[in-house]
Amino acid sequence: MDILFGKTSKKKYDTALVFVAEDLKLGARGKILDDAVEGALVASIKNAPRFKGKLGQTHILPLGKGAHYKRVVVAGVGKAKELTDQKLRVLGGKLYDALKATGAVDVLMMPEEDGELAAGISNFVSEGVLRKSYFFDKYKGKKDDADEGAKLTSVTYDVDNSKALAAKFEATKNVIDGMELTRNLVSEPPNALYPDSFAKIVEKELKPLGVKVKVLDEKKLEKMGAGAIMAVGKGSARKPRLAILEYNGLGKKNSKPSMGIVGKGITFDTGGYNVKTSNMHWMQFDMGGAGTVAGAMKAIALNKEKVHVVAALALAENMISDEAYRPSDIITSLSGQTIEVLNTDAEGRLVMCDAMTYLQNEYKVETLVDVATLTGACMIALGNEYGGAFTPSDELWRKIETAGGESGDKVWRMPLDEAWDKEMKGAHADLKNLGDSSFAGASTAAAFLKAFVQEDVTWAHLDVAGVVWSFKPNDLWGKGATGYGVGMLQNLIKECAA
Ligand code: BES
Ligand code: MN
Ligand code: ZN
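Residues numbered from 1 in each chain as written. Chains lettered and ligands numbered in written order. Predicted model: local features only at pLDDT ≥ 70, side-chain atom pairs only at ≥ 80, totals over all residues. Heavy atoms only, no water.

Draft legend 1. Examining the environment of lysine 304 more closely. Note on placement: lysine 304 falls in the loop between α9 (288-302) and β10 (308-318). It is 35 Å that separates the C-alpha atoms of lysine 304 and serine 333, two residues lying 29 residues apart in sequence. (Helix = DSSP H or I, 4+ residues; strand = E, 2+ residues; numbered from the N terminus.)

Here's what the structure looks like:
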């Protein structure tokens, strides 16, 4: 779908849309539309007692033959003074559904020209429209909207300062494009998306944008001593990969990345020998952390941000075979620390720890953020709405909170504690990959990762188990891949570079 700025005489619009607040008073542009239909718009609003101008509520006046538009849509913005960026995104999501349901194809948006609101509407309502319009029907013979007759194809803002608003929206659109990469990756089934194909897709997407891509295969990982990611991945015929993505938008050759980001990329998680007994099919989204990181790198590169950042995608498939790792194996991680594998289903922390060590050793990053669908416990705590953030640093937490607040990614700080650090110590090895009970499962997993954070490195762990995939539609996404965290990560990378 296209978002366009400035109306042209070359294009026909079937739908005109104006905004009203809860006082239901039409602005200047609404009045022009009303005059053109001899007062029918105002009369129809009066005759629709349930239309109260609430955020995202719509009132539709279909027009007859000879009229300039097929319909006029009056969209409520609620209490105009209480509007926020996030409310405007929600408004966009709701409008997408309403416009689609009414059969609108080319919509002319006519915000009243009061500067800031028009700017906010064109940027954030458009973001909401685009985010809500995502669907994945690549593998459907008959496409979802094939028999609906009409497809929403464009939204045009009829505004004076169209050039400036278009330029502002460009940066937002780049984040949406990053999110689309994330959502496509997360949506792909595991027979199509496995460590090597994941690395190839990312390479194809990001190299042309100036991102350096280096892929370490199983031979290199083995030789290097990345025993944790190897242990998880070796049970699959589709061997593990560590994909390193580096973006330097600073122009200086010898600068050092201000930040390292690690993404969990388990392309399928059967649980291994601790095989999952329920909801195994969910685990096609267990690469959501890596997908989010790839999407954020795309957004950063498209926006040519003045940052230098490096990311590692820890890609592996957790399977069962006579080469697979066993519960009670003791493995040696890249850091040199040994780990007692007490549960092969706690594989995420194992692939993550080697990737974290790699970025700290090779790139000397001082800030390290990891993103992972790490624990069912975090999903149980925070559901489909909030991601969990774990960090010992109040300052980094504040940056995460700000970054998520701006992008509309809800995030909640979760606890770390020495008690959990102790709990993760092994009986026969330095560490074990399982806590003593299922209590505080998200925090014990975080404590495990913390053992791989080197001195003087500021670290945060984002557990996104509940949010990369949605089981029910909300105002900003349908069922399926959400794109959660791409905008937040882009903002965070920028904040940590500043
Ligand atoms: N990928 C899962 C976590 C997960 C579960 C994400 C449900 C999203 C939805 C992870 O690898 C896992 O299996 N974790 C175990 C850890 C346990 C064995 C300590 C879990 O959460 O049960
Ligand atoms: Mn698992
Ligand atoms: Zn997993």
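Draft legend 2. View of the coordination of the manganese ion (ligand 2). Surrounding the manganese ion (ligand 2) are the protein donor atoms Asp269 (OD), Asp345 (O), Asp345 (OD) and Glu347 (OE), which sit 2.1 to 2.2 Å from the metal. With six donor atoms in place around the manganese ion (ligand 2) and angles of 72 to 168 degrees between them, the coordination shape is irregular. Every donor residue of the manganese ion (ligand 2) comes from the same chain, spaced as D-x75-D-x1-E. Taken as a pair, the manganese ion (ligand 2) and the zinc ion (ligand 3) show a spacing of 3.2 Å, with aspartate 269 coordinating each metal. One end of the pair, aspartate 269, is in strand β9 (residues 259-269); the other, glutamate 347, is in the loop between β12 (338-340) and α10 (348-363), and 78 residues separate them in sequence. Across the pair, glutamate 347 and aspartate 269 agree in class, each one buried. (Donors = N, O, S within 2.8 Å, 3.2 Å for Na, K, Ca; no water. Tetrahedral: all angles 85-135°; square planar, octahedral: opposite > 155°, others 65-115°. Buried < 20%, exposed > 50% of the residue type's maximum accessible area, 1.4 Å probe, protein only.)

Draft legend 3. Examining the environment of lysine 151 more closely. Mapped onto the elements of the fold, lysine 151 is located in the loop between α4 (116-132) and β6 (154-157). Given a relative accessible area of 46%, lysine 151 falls into the partly exposed group. On a C-alpha basis, the gap between lysine 151 and glycine 233 in space is 43 Å, while along the polypeptide they are 82 residues apart.

Draft legend 4. Structural detail: unusual backbone geometry. We note that lysine 304 has phi near 45 degrees; this positive angle belongs to a residue other than glycine. What makes lysine 304 exposed here is its relative accessible area of 62%.

Draft legend 5. Expanded view of the coordination of the zinc ion (ligand 3). Protein coordination of the zinc ion (ligand 3) is provided by Lys264 (NZ), Asp269 (OD), Asp286 (OD) and Glu347 (OE), with donor distances spanning 2.0 to 2.5 Å. Metal-centred angles of 78 to 172 degrees between the six donor atoms at the zinc ion (ligand 3) mark the site as octahedral. Positions of the donor residues of the zinc ion (ligand 3) along the chain correspond to the pattern K-x4-D-x16-D-x60-E. By relative accessible area, which is 2% here, aspartate 269 ends up buried.

Shape descriptors only; they carry no functional weight alone.
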